[in-house]
Amino acid sequence: TRKAALAIVAMPAHMACLAVAEALAQAGRYNEVEVWNAAALESAPQDVAIWNAVSRFYLSRTLRQGDFPSRSIEGALALDPTSAEAHLLQGIARLHLGDAGGALGAFDEALRLDGELAEAHSWRGHALTAIGRPDEARKAYERAADLGLTPLSVSDIHNDELHGVEPVRGSQSLPLSAVEAKAY
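Residues numbered from 1 in each chain as written. Predicted model: local features only at pLDDT ≥ 70, side-chain atom pairs only at ≥ 80, totals over all residues. Heavy atoms only, no water.

Caption draft 1: Spotlight on unusual backbone geometry. Cis geometry is adopted by the peptide bond preceding Pro69, which originates at Phe68 and carries an omega value of 5 degrees. For Thr62, which is not glycine, the phi torsion reads 40 degrees and is therefore positive. With relative accessibility at 4%, the residue Thr62 sits in the buried group. (Buried < 20%, exposed > 50% of the residue type's maximum accessible area, 1.4 Å probe, protein only.)

Caption draft 2: Highlighting the packing of helix α2 (residues 13-26) against helix α4 (residues 48-59). Across the interface, α2 lies against α4 with an axial gap of 12 Å and an inter-helix angle of 5 degrees. Taken as axis vectors, α2 and α4 run roughly parallel relative to one another. Residues His14, Met15, Leu18, Ala21, Glu22 and Ala25 of α2 touch α4, and the partners they reach there are Ile50, Ala53, Val54 and Phe57. Among the residues forming the contact of α2 with α4, the class breakdown is eight nonpolar, one polar and one charged. (Axes fitted to C-alpha atoms, helices over the stretch in contact; angles between N-to-C directions. Helix = DSSP H or I, 4+ residues; strand = E, 2+ residues; numbered from the N terminus. Parallel < 35°, antiparallel > 145°, perpendicular 65-115°, else oblique. Contact = heavy atoms within 4.5 Å. Nonpolar A, V, L, I, M, F, W, Y, C, P; charged D, E, K, R; others polar.)

Caption draft 3: View of α2. The terminal C-alpha atoms of α2, which comprises 14 residues, lie 20 Å apart, in line with the 20 Å expected from a rise of 1.5 Å per residue. When we look at burial in α2, the residues that qualify are His14, Ala16, Cys17, Leu18, Val20, Ala21, Leu24 and Ala25. After α2 finishes, the residue Gly28 shows a positive phi value of roughly 80 degrees. (Expected span 1.5 Å × (residues − 1).)

The structure is reproduced here in structure tokens:
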């Protein structure tokens, strides 16, 4: 609509590019999003938050396109090696590729940098489950819940089928039974 177009035009360039990529993805036009995400990165090359946002765009859809999300994750880590979120995103990408051990290392680094990052605890649980350490996984899921990440929000983040994209080998959804029922 015209109103939406005017809102996008009024945004900073990097935000407008991200908005166009999101709209294209929602319309199922994935073959067109890479150029818009690349433009977002080019318009704000020193903004680690933009690099992380582009990484999340791909990871939330378990989508690989060209050299994304690897390029955006590596870019974020190059800009800020102490970014807990960038290490978290690196771990998610590794887990999606079936590298649970590498993912666990990335999640541990994210938690070393920010021990209160609930999403990292949850994903750490996924990695621990994948390598056959269910007791530690349960503790990680419980810690994520203690920090406010509820099973519903975890499901929203991890459920590949919600996005209509075929999951990448190695990705897993959090079993809701992994987190004890709590009053939220």
